[in-house]
Each structure stands twice: as structure tokens, then as C-alpha cells.
Amino acid sequence: MAKDFNLSSLLVFDGAIGTMLQNNGMEPGELPESYNILKPEVMEKIHKEYIEAGSDIITTNTFGANSYKLQPFGYKVEDVVRSAVETAKRVAGDCLVALGIGPIGQLMEPYGTLSFQEAYSLFAQQVKVGSEAGADMILIETMSDLLEAKAAVLAAKENSNLPVICSMTFQEDGRTLTGTDRMTMVNVLEGLGVDALGINCSLGPKEVDQLMGDILKYATVPIILQPNAGMPKMVDGETVFDITPMEFAEAMGKMAKKGVNILGGCCGTTPEYIKALTQVVEGSKPFKRNPEKITAVSSFSKTVVLGRDITIIGERINPTGKKKLKEALIKGDMDYILKEAMEQKNAGAKILDVNVGLPEIDEKEIMVKVVKELQSIIDVPLQIDSTRGDVIEAAVRIYNGKPMINSVNGKMESMETIFPIAKKYGAVVIALTLDENGIPSTAEERLKVAEKILSYGKKYGVDKKDIIVDCLVLTASAQQQEVKETIKAIKLVKEKLGVKTTLGVSNVSFGLPQREMLNRTFLAAALSAGLDAPIVDPLKEEMKETVDTFHVLWGHDKNAEVYIHHYSQQEKKQEKGREPVERELKGLVIDGMKETAEEKTRQLLREISGLEIVNNHLIPALDVVGNKYEKGEIFLPQLIQSAETVKKAFEVIKHHIVTEDLTEESTKPHKILLATVKGDVHDIGKNIVKILLENYGFDVIDMGKDVGIDEIVKKVMEENIHLIGLSALMTTTVKNMEETIKVLKEKHPSCKVMVGGAVLTKETTKRIGADYYAKDAREGVKIAQKAFQGSSN
């Protein structure tokens with residue numbers, strides 16, 4: 001039976017497993033998890049050393065024990081995980097045993113081939129075996145993809161009753177590889193019900209200290225911190241880290257005083273580091289934080305906090321009364337829906353309502369598809385809108401972030417259906433003030449329904465901060481008196497319940513002429529009563545103007561800076577004609593509109609050559625996207641989506657032209673070889689680089705992962721390749737990278753080598769003999785362009 005996870009005092013985890021395995025003779029290329037089967041005595045020794053150093057919790061050697069990583073080596077998940085847990089339990093004594101679970105090592109859809117369900121199944125397999133074998137808790141660590149973290153958390157919670165800790169790995173810019181910021185991580189993981197959350201790996205304690213602000217400010221659960229032993233460097237051909245055990249411990253001690261409850265180490269840390277850490281924090285009690293409670297929804301990269309200003313929810317993705325959208329849904333025209341989303345975002349919508357309810361389609365299937373597609377191109381959170389509980393659950397399950405649900409109401413059937421979904425997936429939910437008796441006619445009665453919904457929500461574990469009340473708008477044409485009651489109800493709900501509010505504003509004008517005039521007047525009244533999140537058409541300029549002016553008059557827009565900037569610019573604008581197709585194609589690439597970009601490319605081919613399209617439109621568009629990525633305006637998912645859009649355009653060009661200039665010898669693409677070096681099975685970063693390079697017109701030969709020196713050299717010589725890209729994520733395989741470079745330079749002196757990976761730095765690059773360091777995929781493209789500048793095949 002699992003032991004209790006008690007946080008009455010600070011808890012200390014162990015340090016790195018991989019580092020200790022290296023210290024105990026593990027050779028580059030060996031599978032760390034194999035030691036659970038082949039050399040359990042080595043793992044017992046490592047666990048004992050950490051326990052003697054003062055660890056309260058030891059972690060099983062199962063970081064990569066999923067079938068995707070184990071299968072090529074001939075091991076079964078059941079055998080490896082069970083042996084790992086049993087080995088740790090044999091020596092644990094009073095220590096707790098955490099089942100360690102790391103990322104799978106594949107890109108998830110829509111950017112890769114790994115589906116959410118496949119990821120869930122892989123994690124669930126580990127969880128079931130580890131739980132049955134006697135693990136006391138589950139540690140999900142080193143996650144860089146928020147959706148993968150979500151799959152792991154759900155697998156842990158649905159297949160065990162153990163406490164779940166989840167930590168993600170961040171870059172120095174404060175975001176994960178896929179663009180998630182710390183506030184978003186907290187908002188999403190807390191919603192999923194983790195018992196603790198935080199940061200591990202990638203950075204040392206001094207660097208991580210700069211990233212802890214939002215986590216300490218918003219996390220209401222315990223915080224875990226497991227940084228590396230500083231930053232990696234190469235000394236005498238070996239990877240070492242740059243801070244001492246005492247420097248590590250002192251830095252961690254400062255973090256404990258700020259409110260970190262669970263402390264440990266990652267890459268480079270050893271029992272010496274943990275011993276120093278336990279000495280520094282011995283006798284310390286957890287610092288009591290006072291986190292800020294917020295009502296917030298999140299996409300994978302952006303969190304929208306309601307109540308700080310007016311949050312516009314875009315209503316246009318709803319087929320009711322929209323003939324073109326209805327046709328698009330029936331035909332499966334995703335680009336029309338994506339265009340609607342992009343236009344609403346650009347017009348100022350902070351959240352988008354998504355309703356695909358039509359009798360002619362499979363609502364659940366289409367809702368899931370639309371949510372996935374929307375999240376591939378926009379970063380605003382989504383509001384999942386359906387009358388069916390199964391549709392809502394299917395969508396929020398695969399949603400990458402913390403969604404909003406539209407809606408629950410005061411009927412028992414509705415609350416019993418929706419609240420368990422909201423609780424399980426950590427969603428914010430809109431509460432309609434109606435029940436079995438319909439919509440109450442008075443504000444006081446609507447308040448009572450709202451109180452009832454909040455009370456039942458509490459029973460299901462849904463905090464009132466995650467419930468947004470909709471006091472319901474009735475039509476002025478038929479229920480004129482009730483319009484005033486809605487405004488009154490907003491005031492009552494805000495005063496009595498202290499929750500956020502929303503309204504579907506345009507309902508008020510139904511059946512009347514000059515609807516926009518009524519809508520904006522009613523919106524102004526509702527805003528002054530305390531409306532936080534109007535559901536409107538953001539493309540209606542009158543509605544946006546009302547919100548903008550309200551921000552000025554109520555002091556949200558300090559010194560009217562936003563208002564002045566926007567409307568002074570608007571006065572200068574002149575009506576423009578329709579943009580040419582060429583300009584549209586560039587915009588489609590930037591927005592990631594794949595299907596429409598194909599059609600625009602076909603149109604362009606009637607006017608100009610394929611080579612002109614590539615050089616004058618597609619590549620410049622990718623450059624714009626790349627610059628946005630470098631500035632932090634977009635993130636990896638949008639970068640990949642734009643690259644995939646270019647790929648679609650390329651396919652049209654290649655199909656259309658057989659003998660054009662693109663196929664001539666002088667313009668054949670330059671070849672680049674990519675490989676993850678021997679002993680390293682991580683290839684996400686390499687795969688991202690491949691996508692971008694191919695869409696910039698390079699011919700990429702991808703040799704995959706765990707590739708031997710002889711294989712790489714042979715292929716380079718056969719193909720006469722002049723630029724090679726090598727990847728390594730593990731400290732244990734940097735040596736293999738160095739040896740590969742050495743042999744390449746001996747056999748093919750004219751070749752250039754670029755390297756990348758989480759354990760590499762510019763300094764390491766020089767020491768191992770590489771020519772270029774690619775900190776990310778965009779940098780890899782720049783290096784390739786520079787390497788082949790002025791050359792021809």
C-alpha cells in the first residue's frame with residue numbers, strides 16, 4: 001500500500017539517475033532502463049546513496065520506460081517498470097518511492113504523428129504496472145509539450161489512486177519548447193488536479209530562480225523544483241556542470257524561503273548535492289504563500305484572466321443563422337472555419353466560442369476535429385459550446401489548455417452531466433440562470449438559480465472562481481421588462497456572489513430593425529453593471545468601439561493610450577481594394593491556412609512560374625514567420641503550421657511543373673543530412689529542424705535516431721554531403737557526437753557540422769569540434785542558408 005504524501009515539512013527528492021549510472025560505468029548508448037533488469041544491484045546502490053544523503057523520496061529508473069523507447073531494445077514495459085519499483089522498494093525504508101515518467105520522445109498531433117490517445121495509452125501502461133508494483137506516487141517530469149503532460153496526468157489519475165506530481169522544463173525565455181509559459185502551466189495542471197507542480201531540468205538553480213515568479217504567485221498546490229547542477233560544459237571530453245554542491249544547495253535554500261515545498265536535483269546532481277541540500281533546509285518549515293486566485297482560461301501558450309478588463313468572446317463559429325458556416329461544416333471546409341477564427345482574433349476577441357451543432361453531421365467527431373485545427377493556428381483559448389455532454393467531454397479531453405464550457409444550467413440533469421466534466425478536466429464553465437421552471441422573470445430569482453448552481457458546483461469540487469454566470473438576455477421585442485431585469489441581475493450576482501459574468505449580447509435585438517444600435521446600447525448598460533465577458537461578434541465595429549470606450553471611461557485604459565493609438569490610426573486608413581492573389585498567399589502561409597494556400601498557389605501558377613512563387617512569396621512568408629518566432633510573437637506550433645502550409649504549396653508546384661527551372665541541375669536543392677547520434681533515442685528537435693529545412697527548399701536526408709558513426713560517415717561520403725546536422729539530448733551521448741564529428745572531419749574535411757540539443761551550448765560546440773550551434777530550428781535554417789550562400793550543386 002502506498003505511503004502518505006505529507007507536506008507538513010519540506011520534502012527532498014533525489015538527484016539525477018542518469019548521471020549516477022554514468023558514474024557507475026554505464027557506457028554511451030546503453031539503455032539506462034536496462035539496468036533495472038540486467039544490473040538491479042547498481043540501482044540499489046544508487047538509491048541507497050541518495051537515501052543516505054537525506055532524500056525523503058527516491059525516483060524509479062523508469063524515465064524512458066515506455067514501449068516506444070523500450071521496444072527497439074527488446075524490453076517489455078511490464079518487466080522494466082515492475083523491476084524498477086521493486087528494486088527501489090527493497091531499499092526505501094521510510095522513504096517514499098516515486099514512479100518516474102518522462103516524455104515519450106515523439107511530436108504530438110497536429111505537428112507530429114503521435115495522437116493524444118496513443119500518448120495516453122503509453123503512459124497508462126507505465127502507471128498501471130508501477131501502481132500495482134507498489135509505487136507511492138507518480139512523478140511526471142521534463143515535459144515540454146503541455147498536451148503530452150495532460151495525457152500523462154489523465155493516465156495517472158484514471159489508472160491509479162496515487163498522488164501525482166508534474167513538472168515541465170523551460171527555456172531561459174520562460175517558455176517550454178512548444179511555447180507554454182509558467183502561468184499557463186499552473187492554470188492547466190492545477191485544473192487537472194495534480195498534487196504538486198513545478199520545473200525540472202534544462203537550467204541551473206540560478207537561472208530557474210528568474211522563472212519562478214508566476215508559479216509562486218498563482219500556484220495553490222505545492223511547488224516542486226529540480227534544476228540541473230548549473231549549466232553543462234565540456235572538460236577533457238566529458239560533460240560537467242558548473243556549480244558546486246554547496247552553491248546548488250544555497251540557491252535552493254533561497255527558493256525554499258520563497259515557497260518551494262519539494263526540492264531535488266536533475267542532470268548533473270549526485271548524492272553530494274542532495275546531502276548539501278538537506279543540510280541547508282534541515283528543520284525548515286514550508287513557507288506559507290498567499291497565491292492569487294483567478295478566473296482564467298488558457299490555450300497552450302496564452303492565459304486570459306477574466307475581470308482585469310473586458311474580455312470579448314467571439315461568437316461567429318456557430319452555425320445558427322449562418323448559411324456559409326453551415327455549408328462549411330457539412331462539406332468539411334476547415335479553412336473557412338479557421339478564417340473565421342483568425343478574423344475574430346485579429347478583431348480583438350480574447351476567447352472564441354466553438355459550436356458545430358448540426359443534425360447533418362457527427363457533432364462529436366467534427367467538434368474534436370475543429371478544436372484540433374483551431375489550436376494549430378491560433379493561440380486564443382476556446383469555449384466549447386454544445387448541448388451534449390459527450391461532445392463537450394470529447395473536446396475538452398483533447399483540448400490543449402484550460403477550456404471554457406458553454407454551458408451548465410440549474411437543471412439537475414445538466415449539473416450532474418457537466419460538473420463532473422468540468423472538475424475532471426479543470427475547465428471553467430458558464431452557468432445559465434435557468435432551471436426546470438425556465439428562465440426566471442426577475443433578477444432576484446435568477447440570483448437564486450445562480451446560487452443553486454454554485455452550491456452544486458462546490459459539491460462536485462468546482463470552485464466558484466471557475467464558474468461564470470450568464471444572467472441571460474431576452475429579446476426586447478417580446479420581453480421588454482426582462483431586459484432591465486438582466487442588467488439588475490448582473491449587479492446582484494457581482495455583489496452577492498463575487499463571480500465573473502457573461503452574456504450573449506446580440507439576443508436582445510432579435511426581431512428588431514437596426515440591431516447593431518440596440519446591441520451596442522445594451523452592451524454599454526451591461527458593462528456598467530459589471531459584465532466581464534460579453535459574447536459578441538467582434539467584427540461588428542460598433543461592439544468593439546463600445547468596449548474600447550468603456551475601457552477609457554472606467555479607467556482600464558490608462559491615459560487612453562490604447563484608444564488613442566487605435567483610433568488615431570483608424571482615421572488615417574483609407575478604403576483599400578481587394579489585395580492581389582500574390583499578397584494573399586503570403587498571408588495564408590503566415591496564418592497557416594493549408595488548404596486555401598493550395599488553391600491560391602494554383603491561381604498563381606497561371607500567372608507566374610513556380611520558381612517565382614517559391615522565391616518571391618513562400619520563402620519571404622516563412623521569413624516573416626521565423627522573425628515572429630524569434631521575437632516571441634508566435635511559438636513552435638504556429639511555426640510548424642506555417643512550414644506545413646508551405647509544404648502544401650510546394651506539392652502543388654511540383655505536381656504542376658515537370659520540366660520547369662526548379663528541376664534543372666543548377667537549381668536542385670542542397671542536401672543536408674540529419675541524425676541523432678548513437679545511444680540517443682530522442683529525436684523531437686531533429687524532426688522539427690527537418691520540417692523547417694524541407695520547407696525552405698533543402699533536400700533533407702534524415703537518418704533517424706541512435707545512428708552509429710560508420711552509418712553517418714558512409715551516407716555522407718556516398719551522397720557527397722557538405723552540411724550535417726547532429727542532435728543529442730542526453731549528456732551521456734555528447735561524447736558520441738564528438739567522436740562522430742572527429743571521424744567526419746577526417747574522412748570528409750570539407751564538410752560542415754551543425755549541432756543542437758538541450759545539453760549543448762556555444763562553448764560545448766567549439767570544444768567538440770562542430771562548426772555551428774543551432775539553439776533552435778529557426779537558427780538551423782539560418783545556418784543552412786549561410787553554409788550554402790553563393791554555392792551551387
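Placed above this text is the structure.
Keep in mind the model is a prediction, meaning the values are calculated, not measured.

A short note on the environment of D379
Now for step 1: Following the sequence through the fold, D379 ends up in the loop between helix 15 (363–377) and strand 15 (382–385).
Now for step 2: With residues up to four places along the chain from it excluded, the contact list for D379 reads S299, S301, K302, K345 and Q638.

Considerations on helix 11 (residues 245–258)
Now for step 1: The terminal C-alpha atoms of helix 11 lie 20 Å apart, and with 14 residues this matches the ideal 20 Å at 1.5 Å per residue to within 8%.
Now for step 2: Among all positions in helix 11, only F248, A249, A251, M252, G253, M255 and A256 are buried.
Now for step 3: In this structure, the buried side of helix 11 is in contact with helix 9 (205–209), helix 10 (213–218), strand 7 (223–226), strand 10 (262–263) and helix 12 (271–281).
Now for step 4: Positive backbone phi, at 130°, marks G259, one or two positions downstream of helix 11.

Remarks on the packing of aromatic side chains
Now for step 1: Evaluated as defined, the whole model comprises five aromatic pairs.
Now for step 2: Relative to F788, the ring of F698 lies with its centre 6.0 Å away and its plane at 35°, an arrangement referred to as tilted. Highlighted residues: F698 in the loop between helix 27 (684–695) and strand 22 (699–702) and F788 in the segment after helix 31 (777–787), separated in sequence by 90 residues.
Now for step 3: Its relative accessible area of 10% is what places F698 among the buried residues.

Concerning the side chain of H748
Now for step 1: Structurally, H748 is set in the loop between helix 29 (734–747) and strand 24 (752–756).
Now for step 2: With relative accessibility at 9%, the residue H748 sits in the buried group.
Now for step 3: When neighbours within four sequence positions are excluded, H748 is seen to be in contact with V716, M717, N720, I721 and H722.

With respect to the environment of I684
Now for step 1: Considering the arrangement of structural elements, one finds I684 in helix 27.
Now for step 2: Along the backbone, I684 and G757 are 73 residues apart, and their C-alpha atoms lie at a distance of 9.8 Å.
Now for step 3: Residues within four places of I684 in sequence aside, it is in contact with G105, Q106, L107 and L177.

Remarks on the sheet that holds strand 10
Now for step 1: Here we have eight strands laid out as an open sheet, ordered 1-10-7-6-5-4-3-2, and parallel in their pairing. Whereas interior strands pair on both sides, the edge strands pair on one side only; in this sheet they are strand 1 (11–12) and strand 2 (57–59).

Describing empty space enclosed by the protein
Now for step 1: Summed over all chains, the structure comprises two cavities of 30 Å³ or more.
Now for step 2: Lining the largest cavity are 23 residues, with E109, P110, Y111, L147 and N400 sitting closest to its centre.
Now for step 3: The set of elements that each furnish at least two residues to the lining of the largest cavity consists of helix 7 (146–158), helix 15 and helix 26 (636–656).
Now for step 4: For the lining of the largest cavity, the element with the highest residue contribution is helix 15, accounting for four residues.
Now for step 5: Broken down by class, the residue content of the lining of the largest cavity amounts to 14 nonpolar, six polar and three charged.
Now for step 6: Its boundaries defined by the atoms lining it, the second largest cavity holds a volume of some 50 Å³.
Now for step 7: In terms of lining residues, the second largest cavity is bounded by Q106, L107, M108, S144, D145, E148, L177, T178 and I684.

So, helix 14 (residues 334–346)
Now for step 1: An ideal rise of 1.5 Å per residue puts 18 Å on 13 residues; helix 14 measures up with 18 Å between its terminal C-alpha atoms.
Now for step 2: Those residues of helix 14 that fall on the buried side of the exposure criterion are M334, D335, I337, L338, E340, A341, M342 and Q344.
Now for step 3: A positive phi of about 115° marks G348, the residue just after helix 14.

Some remarks on the pairing of strand 14 (residues 351–354)
Now for step 1: The alternating pattern of strand 14 places I351 and D353 and L352 and V354 on opposite faces, both of which are buried.
Now for step 2: Summarising the sheet, strand 13 (residues 313–317) and strand 14 pair through three bridges and their orientation is parallel. Its bridge partner being in strand 14, G314 is matched across the sheet by L352.
Now for step 3: Pairing of strand 14 with strand 15, which is carried by three bridges, proceeds in the parallel orientation.

Observations concerning the packing of helix 15 against helix 16 (residues 389–398)
Now for step 1: It is at 9 Å that the axes of helix 15 and helix 16 come closest, and there the two elements cross at 25°. Overall, the two elements helix 15 and helix 16 adopt an arrangement that is roughly parallel. As helix 15 packs across helix 16, the resulting crossing turns out to be right-handed. Taking contact as the criterion, the partners of E363, K364, M367, V368, V371, K372 and Q375 in helix 15 are, on helix 16, D390, V391, A394, A395 and I398.
Now for step 2: In terms of residue class, the contact of helix 15 with helix 16 is built from seven nonpolar, one polar and four charged.

As for the sheet that holds strand 21 (residues 671–676)
Across a sheet, strands are paired by hydrogen bonds formed along the backbone, either parallel or antiparallel in direction.
Now for step 1: An order of 22-21-23-24-25 is seen for the five strands of this open sheet, with the pairing classed as parallel. On the outer flanks of this sheet lie strand 22 and strand 25 (772–773), each paired with one strand and no other.
Now for step 2: Looking at chain direction, strand 24 and strand 25 are connected through two bridges and run parallel. Within the sheet, the bridge partner assigned to V755 lies in strand 25 and is Y773.
Now for step 3: Packed on one face of the sheet, helix 28 (residues 709–719) meets strand 21, strand 22 and strand 23 (723–727) and runs near 175° to strand 21.
Now for step 4: Strand contacts of helix 29: strand 23 and strand 24, with the helix running at about 170° to strand 24, the strand carrying the most contacts.

What counts as what
Residues numbered from 1 in each chain as written. Predicted model: local features only at pLDDT ≥ 70, side-chain atom pairs only at ≥ 80, totals over all residues. Heavy atoms only, no water. Helix = DSSP H or I, 4+ residues; strand = E, 2+ residues; numbered from the N terminus. Contact = heavy atoms within 4.5 Å. Expected span 1.5 Å × (residues − 1). Buried < 20%, exposed > 50% of the residue type's maximum accessible area, 1.4 Å probe, protein only. Phe/Tyr/Trp six-rings, centres within 6.5 Å; stacked < 30°, edge-to-face > 60°. Pairing = 2+ DSSP bridges. 1 Å grid on protein atoms, 1.4 Å probe; cavity = no way out; pocket = protein on both sides within 12 Å on 5 of 7 lines; lining within 4 Å. Points joined across faces, edges and corners; volume = space filled by probe spheres on them. Nonpolar A, V, L, I, M, F, W, Y, C, P; charged D, E, K, R; others polar. Axes fitted to C-alpha atoms, helices over the stretch in contact; angles between N-to-C directions. Parallel < 35°, antiparallel > 145°, perpendicular 65-115°, else oblique. Left-handed = near helix turned anticlockwise from the far one by under 90°.

Such coordinate-based values are descriptive only and should not be taken to indicate function.
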